[in-house]
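A closer look at the structure
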Amino acid sequence: MRASLILAAALASMLALSGCAGDRPITGSVQALQSAQANPYKLSAGDKLHIAVFGENNLTGDYTITPEGTIAFPLVGDISAAGLTISQLQKSVTETLANRYVQNPRVTIDASNLRPFYILGEVNKPGQYSYVPDLTALAAVATAQGFTYRADMATIYIRHARDASERQIPLTATTMIEPGDTIRVTQRYF
């Protein structure tokens, strides 16, 4: 009986210690997080936008950036969009319309669907999720309903859409995710 109590106490303390390993704080400086957030999202092929031109219903609609990096806009034709921020594209569309077609155009642009990111491995709901600007790895894991109890919370693997292979990266509060990234969370070893 006494041996079973000691064994139960030892097992409970091991479980408590293994749970504590995942409860440690994630590191990252405030300066690094601010620097990461200072780089606004750049549009790219596949992003879907809603462009509204006040008082011009025939110009208002949903547009997708083509593989060539443009949007086909009525009256104007193709407008370059890839590599621009949403506010830069808004300024470009406004200037283009003002130069030739609409007097004092008021244009608003909203991102209706940005390229997704993918998360696999030791998360509760692996899969494809919609990207949002300034997405961190921790927010991506939260979107996938958190880590499993087996997850290695110290490092993750990220493959950017433009890269051929993934890289192991320490998981910090400032680990940024880009659209099209594939994130892999591995198992920890005790």
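Just so we're clear, the structure is a prediction, and the values are computed from it rather than from any experiment.

Overview of the sheet that holds strand S1 (residues 48-53)
The strand order across the open sheet formed by three strands is S2-S1-S5, and the pairing between neighbours is antiparallel. Strands with a single pairing partner mark the edges of an open sheet, and in this sheet they are strand S2 (61-64) and strand S5 (107-113). Adjacent strand axes in the sheet meet at a mean angle of 30° when their direction is disregarded. Direction of pairing for S1 relative to S2: antiparallel, over a ladder of four bridges. Residue pairing across strands places Lys-48 opposite Thr-64, the latter belonging to S2. Taken strand by strand, helix H3 (residues 86-100) contacts S1 and S5, and its axis lies near 135° from that of S5.

Considerations on the sheet that holds strand S10 (residues 182-185)
Taken together, five strands build an open sheet; the order of strands is S7-S6-S10-S8-S9 and the sheet is mixed. Every other strand in the sheet has two partners, leaving strand S7 (127-130) and strand S9 (167-170) as the edge strands with one partner each. For this sheet, the mean inter-axis angle between neighbouring strands, taken without regard to orientation, is 30°. The pairing of strand S6 (residues 116-121) with S7 spans four bridges and is classified as antiparallel.

Some thoughts on the side chain of Thr-186
Positionally, Thr-186 belongs in the segment after S10. Given the relative accessible area of 17%, Thr-186 is considered buried.

A look at the side chain of Asp-152
Tracing the backbone shows Asp-152 in the loop between helix H4 (137-143) and strand S8 (155-159). Classification of Asp-152 by relative accessible area gives buried; the value is 17%. There is a polar contact of 3.1 Å between the side chain of Asp-152 and the side chain of Thr-155. Apart from the residues lying within four places of it in its own chain, the contact partners of Asp-152 are Val-185, Thr-186, Gln-187 and Arg-188.

Definitions and limits used
Residues numbered from 1 in each chain as written. Predicted model: local features only at pLDDT ≥ 70, side-chain atom pairs only at ≥ 80, totals over all residues. Heavy atoms only, no water. Pairing = 2+ DSSP bridges. Helix = DSSP H or I, 4+ residues; strand = E, 2+ residues; numbered from the N terminus. Axes fitted to C-alpha atoms, helices over the stretch in contact; angles between N-to-C directions. Contact = heavy atoms within 4.5 Å. Buried < 20%, exposed > 50% of the residue type's maximum accessible area, 1.4 Å probe, protein only. Polar contact = N/O pair within 3.5 Å; in protein donor to acceptor, adjacent residues only side chain to side chain.

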